[in-house]
Amino acid sequence: MTVQDWFEKRKEAQIQRRALEARVEIEANPDLWTKCVHCNAQLLKKDIEENSMVCPVCDYHFRVSARTRIEQLFDEGSFEEYFGDIKPTDPLDFVDTESYKDRIAKAQEKTGLNDAVITGIGTIEGHKTAFAVMDFDFMGGSMGSVVGEKVTRIIEKAIELRLPVIAVTSSGGARMQESALSLMQMAKTSCACARLDEAGLLYVNVITDPTFGGVTASFGTLGDIIVAEQGARVGFAGRRVIEQTIRQKLPSDFQTAEYLMKYGQVDIVSPRKELRDTLANILSMHEQGVQ
Amino acid sequence: MSTAFDFEKPILEIQKEIEKLKQMSLESGMDLNKDIETLEHEAAEFKKELFENLNPAQKMQIARHPERPKFLDYVNLMCTDFVELHGDRVGTDDRAIVGGLAKLDGRPVMIIGTMKGKSTKENLEYNFGMPQPEGYRKALRLFYHANKFNLPIITIIDTPGAYPGISAEKHAQGAAIAYNLKEMQKLKVPVIAIVSGEGCSGGALGLAVANKVYLLEHAYYTVISPEGCASILWRDASKNLEAATALKITAPHLLKFGIIDGMIKEPMGGAHTDYEVMANEMKSTILNALSELDGMSGEDLRNQRYDKFRKMGSFIE
Ligand SMILES: [Zn+2]
C-alpha cells in the first residue's frame, strides 16, 4: 500500500462515516430532512427554507405556498388581506371519483385557505401595491368562482385606490368542477383587466411554476410587464395533451420560463431571490402617474 | 338517412313500416290510410319526445354531426354581400377562424366564426375548427375594424378548443385568447355570440365576451371537452358521458347559471336536418338581440358587458 492509497482509503472511510452519521441523524429526526426532487441531495429542510425554498445544491426552485410567497415578497407587517372570507360552493353538485365538496374540504384543511388565492394590499420595499397570490396546493391552484371573484375584486379595489396590481400565478387552469362558471371567470377577470388598463394603472404578472390553461388564457398573461420565475413551466395546453395531439416528443425545455423568453412572451426571467428587488424596481418606475 | 344516430333507430323502424304499408296499399288497392296516418302520428310523437329528452351524450353527438351547418353555411343563408377579410396582417391567415363584412337584412355587420369542414380535405384546411393564436389575432383585428366603423359584431362558435401544438405555444395561445377577452370588453359596438355546436374552453370564449350569448338547442358550452375532463378526473377518456353529465353543459343548465341569454331552437332532428329553418331561427334571434342593443351608447354597451360577466360565479361570504 502506497501512502497515496492509504490517504485514499482513509478519505473514503471518512466519507462513509459521515454518510452513516448523516443517516443516523436523519433516522433520529426524519422530519428535519428532505431530498431535493431535482438533484437528489439530502438536505436539511431548514437549509432550503432559509434559502427561499431553493435547493442550495442545484438551485432548483421548490413550489411555495401563497403565504410563504407573500412573506418573501412583501415588507414585514405591511400586508393586509382582503376578501379572505369568500368561500367556494358546489353549484353543480359535481361528483367524479370524489365529490367536489370533499375535495374542497380536504384542500381547505391541507392549506388553511378558503380557496386557491390570497388577495390584499401590501408594500414591496416601500412601494404600495395590490396583489393576488395563488396557491397551487389548493386543488392545483385551479380557478373557480372564488378565485375569479377575488382577483376581480382586488383589481376593482386597486382602481378605486389608484394602486398597481401584482398577480403571482400558479395554476393548472380553470376548475373543472364548476364547469362553465369557471370558464366565465376567465372573462370576468379579463374584463377587470380591461378597466385596469383604462384606468392607466400598472399591472405586473409574476408567473410561477406551473401556470397553465385558463389562468394563462386570462388575467395570468395580461400584465403590462410579465415576469416569469426561473424554472417555471408555463403554457396554455399541457405537455401531455400536446404530445398526444401531435404524436411526437417535445423538447425538454418546452414551456419553460427560459423558452418563453426566447419566444418573446415574457419580459424578465428572475431567480426567486431577485424577485422582490425586480418588482420593487419596476414599481418604482411607474409612480409618476399616467397621462 | 345514412347519418342517423343510434338513438334514432326506433324512428327508422317505424318509417320502414310506414313504407311497407304504403307499398301494400298501392299493390293491393286496400285503403290503409288510417293505419298509415296513425303510424306517422306515432313516429312524430316519438321523435318529439326523443329529441326533447336527449341526454348530454346524445346532444354531443348531434353537436358534432359532420353535416351540422358550418359557419359559412350560416353566413350564406343569413346574410348577403359577404366579403371575407383574411389574415392577421403579421404573417398568417388562420383558416380555423373566418370573418368578414356582410349585410344582415340590409344592415352591414362584422361576422366572425370558427370554421369546420364537412370533408377530410376541408377539415384539414380549417384544422377541425381549432384555431391557432394567429386566428384569435385575426379576429381581434376584425373586432377593431368593426369598432372603428360602428358595425355590430356577430360571432358563431363551433370549436373543440384552441389548438394544442408546438407553434401554438411558441406564439402564445394563452395570451392571444386572454388579450381577446380583455379587448372585447372595451368594444363600443354591440357584440352577439352564438355557440352553434361545440363550445369548448377558452378557445370558444375567445370569441364570446359579448353583450348577448346564445346557445343552439343541441349545442354545448363547457370549460373543457368531456373527453378531456374524463381523462383528468376519471383517468379514463371513455368516461366522457359521465363527464358530460357532471359538467352540465347543455342549454337548460347554462340558462339557470346565467351563462347564456337564451337557447335557439333547432329543427326537429337537429340543425343538420334543415339548414334553412335553422338559419332563419338564428337570424331572427340575432335581429331581436340587435334591436334590444341598438338604443345603447358605446359606454352603455361596455358597462352592460362588464356587469354581465361580473355577476357570473357561485360563492358564499
Ligand atoms: Zn437540488
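One structure accompanies this document, and this report is about it. Owing to the predicted nature of the structure, the values given are computational and were not obtained by experimental measurement.

Parameters and conventions
Residues numbered from 1 in each chain as written. Chains lettered and ligands numbered in written order. Predicted model: local features only at pLDDT ≥ 70, side-chain atom pairs only at ≥ 80, totals over all residues. Heavy atoms only, no water. Helix = DSSP H or I, 4+ residues; strand = E, 2+ residues; numbered from the N terminus. Buried < 20%, exposed > 50% of the residue type's maximum accessible area, 1.4 Å probe, protein only. Contact = heavy atoms within 4.5 Å. Areas by Shrake-Rupley, 256 points an atom, 1.4 Å probe, with all protein chains shown as cover. Lys, Arg positive; Asp, Glu negative; His and termini not counted. Charge placed at Lys NZ, Arg CZ, Asp CG, Glu CD. Salt bridge = Lys/Arg side-chain N within 4 Å of Asp/Glu carboxyl O. Axes fitted to C-alpha atoms, helices over the stretch in contact; angles between N-to-C directions. Parallel < 35°, antiparallel > 145°, perpendicular 65-115°, else oblique. Nonpolar A, V, L, I, M, F, W, Y, C, P; charged D, E, K, R; others polar. Buried area = accessible area lost by both parts, 1.4 Å probe. Polar contact = N/O pair within 3.5 Å; in protein donor to acceptor, adjacent residues only side chain to side chain. Donors = N, O, S within 2.8 Å, 3.2 Å for Na, K, Ca; no water. Tetrahedral: all angles 85-135°; square planar, octahedral: opposite > 155°, others 65-115°. Pairing = 2+ DSSP bridges. Expected span 1.5 Å × (residues − 1).

### Here's the deal with the overall build of chain A
Reasoning step 1: A tally of regular secondary structure across chain A gives 10 helices and 10 strands.
Reasoning step 2: Considering only C-alpha atoms, chain A reaches an extent of 80 × 50 × 40 Å along its principal axes.
Reasoning step 3: The buried share of chain A, reckoned over its 291 residues, is 54%.
Reasoning step 4: Considering only residue pairs separated by 6 or more positions, chain A has 67% of its internal contacts joining residues 24 or more positions apart.
Reasoning step 5: Accessible area for chain A stands at about 13,600 Å²; split by element, carbon and sulfur atoms hold 49% of it.
Reasoning step 6: Side-chain charges in chain A split into 34 positive and 43 negative, and the spacing between the mean points of these groups amounts to 5 Å.

### Here we look at the pattern of salt bridges
Reasoning step 1: Per the counting criterion, the structure on display carries 46 salt bridges over all chains.
Reasoning step 2: Of the charged contacts, one joins B:Glu17 and B:Lys20 as a salt bridge, the two residues approaching to 3.3 Å between their closest N and O atoms. With a gap of three residues between them, B:Glu17 and B:Lys20 both fall in helix α1 (residues 9-28), about one helical turn apart.
Reasoning step 3: The exposure class assigned to B:Glu17 is partly exposed, which follows from its relative accessible area of 38%.
Reasoning step 4: Residue B:Glu198 pairs with B:Arg64 through a salt bridge whose shortest N-O separation is 3.0 Å. Here the residue B:Glu198 occupies a position in strand β5 (residues 191-200), and B:Arg64 occupies one in the loop between α3 (56-63) and α4 (71-78), the gap between them amounting to 134 residues.
Reasoning step 5: The partly exposed category is assigned to B:Arg64, whose relative accessible area is 30%.
Reasoning step 6: Counted as one network, the salt bridges with shared partners bring together A:Glu149, A:Arg153, A:Glu156, A:Lys188, B:Arg310 and B:Glu317.

### Structural notes on the packing of α4(B) against helix α13 (residues 275-293) of chain B
The angle between the axes and the distance between the axes are what describe a pair of packed helices.
Residues and elements named next belong to chain B.
Reasoning step 1: Where α4 contacts α13, the axes come no closer than 9 Å and their chain directions differ by 75 degrees. In terms of orientation, α4 lies roughly perpendicular with respect to α13. Residues Asp73, Tyr74, Leu77 and Met78 of α4 form the contact with α13, whose participating residues are Tyr275, Glu276, Met278, Ala279, Met282, Lys283 and Ile286.
Reasoning step 2: Taken together, the residues of the contact of α4 with α13 sort by class into eight nonpolar, no polar and three charged.

### Concerning the interface of chain A and chain B
Reasoning step 1: Listed per partner, the contact involves 59 residues of chain A and 50 residues of chain B.
Reasoning step 2: For the pair chain A and chain B, the summed buried area comes to about 4,800 Å², and 67% of that belongs to carbon and sulfur atoms.
Reasoning step 3: Taken as a group, A:Met176, A:Met184 and A:Phe236 account for 14% of the area that chain A buries against chain B, more than any other trio of residues on that side.
Reasoning step 4: Across the chain A-chain B interface, the total number found is six salt bridges.
Reasoning step 5: When the shortest N-O distance is used, the salt bridge between A:Asp197 and B:Lys186 registers 2.6 Å.
Reasoning step 6: Scanning the region where chain A abuts chain B turns up 20 residue pairs in polar contact (both at pLDDT 80 or more).

### What to know about the coordination of the zinc ion
Residues and elements named next belong to chain A.
Reasoning step 1: Donor atoms from the polypeptide that bind the zinc ion are Cys36 (SG), Cys39 (SG), Cys55 (SG) and Cys58 (SG), placed at 2.3 to 2.4 Å.
Reasoning step 2: Each of the four donor atoms around the zinc ion contributes to a set of angles spanning 106 to 112 degrees, which defines the coordination as tetrahedral.
Reasoning step 3: Mapping the donors of the zinc ion onto the primary sequence yields the spacing C-x2-C-x15-C-x2-C. Note that Cys36 is positioned in the loop between β1 (33-35) and β2 (42-44) and Cys55 in the loop between α2 (45-49) and α3 (66-73), a separation of 19 residues in sequence.

### Re the sheet that holds strand β5 (residues 117-124) of chain A
All names here are of chain A.
Reasoning step 1: In spatial order, the strands read β3-β5-β6-β7-β8-β9-β10; together these seven strands make up an open sheet with mixed pairing. The strands lining the two open edges of the sheet, one partner per strand, are β3 (80-82) and β10 (268-270). Sheet twist, expressed as the average angle between the axes of neighbouring strands with direction ignored, equals 25 degrees.
Reasoning step 2: Sheet analysis places strand β8 (residues 203-211) next to strand β9 (residues 225-229), joined by four bridges and oriented parallel. Bridging across to β9, Ile207 finds its partner in Ala228.
Reasoning step 3: Its contacts with the sheet put α3 on β3, β5, β6 (127-134), β7 (165-171), β8 and β9, and the angle it makes with β6 is roughly 160 degrees.

### Observations concerning the environment of B:Val90
Reasoning step 1: As for its placement among the helices and strands, B:Val90 is situated in the loop between β1 (80-84) and β2 (97-104).
Reasoning step 2: Along the backbone, B:Val90 and B:Glu134 are 44 residues apart, and their C-alpha atoms lie at a distance of 8.7 Å.

### Looking at the environment of A:Tyr263
Reasoning step 1: Along the chain, A:Tyr263 falls in the loop between α9 (257-262) and β10.
Reasoning step 2: When the C-alpha atoms of A:Tyr263 and A:Ala237 are compared, they prove to be 16 Å apart, with 26 residues separating the residues in sequence.

### Here we look at helix α6 (residues 179-198) of chain A
Residues and elements named next belong to chain A.
Reasoning step 1: The terminal C-alpha atoms of α6, which comprises 20 residues, lie 30 Å apart, in line with the 28 Å expected from a rise of 1.5 Å per residue.
Reasoning step 2: When you tally the buried positions in α6, you get 17 out of 20 residues, the bulk of the element.
Reasoning step 3: Directly after α6, the chain includes Gly200, whose backbone phi takes a positive value near 70 degrees.

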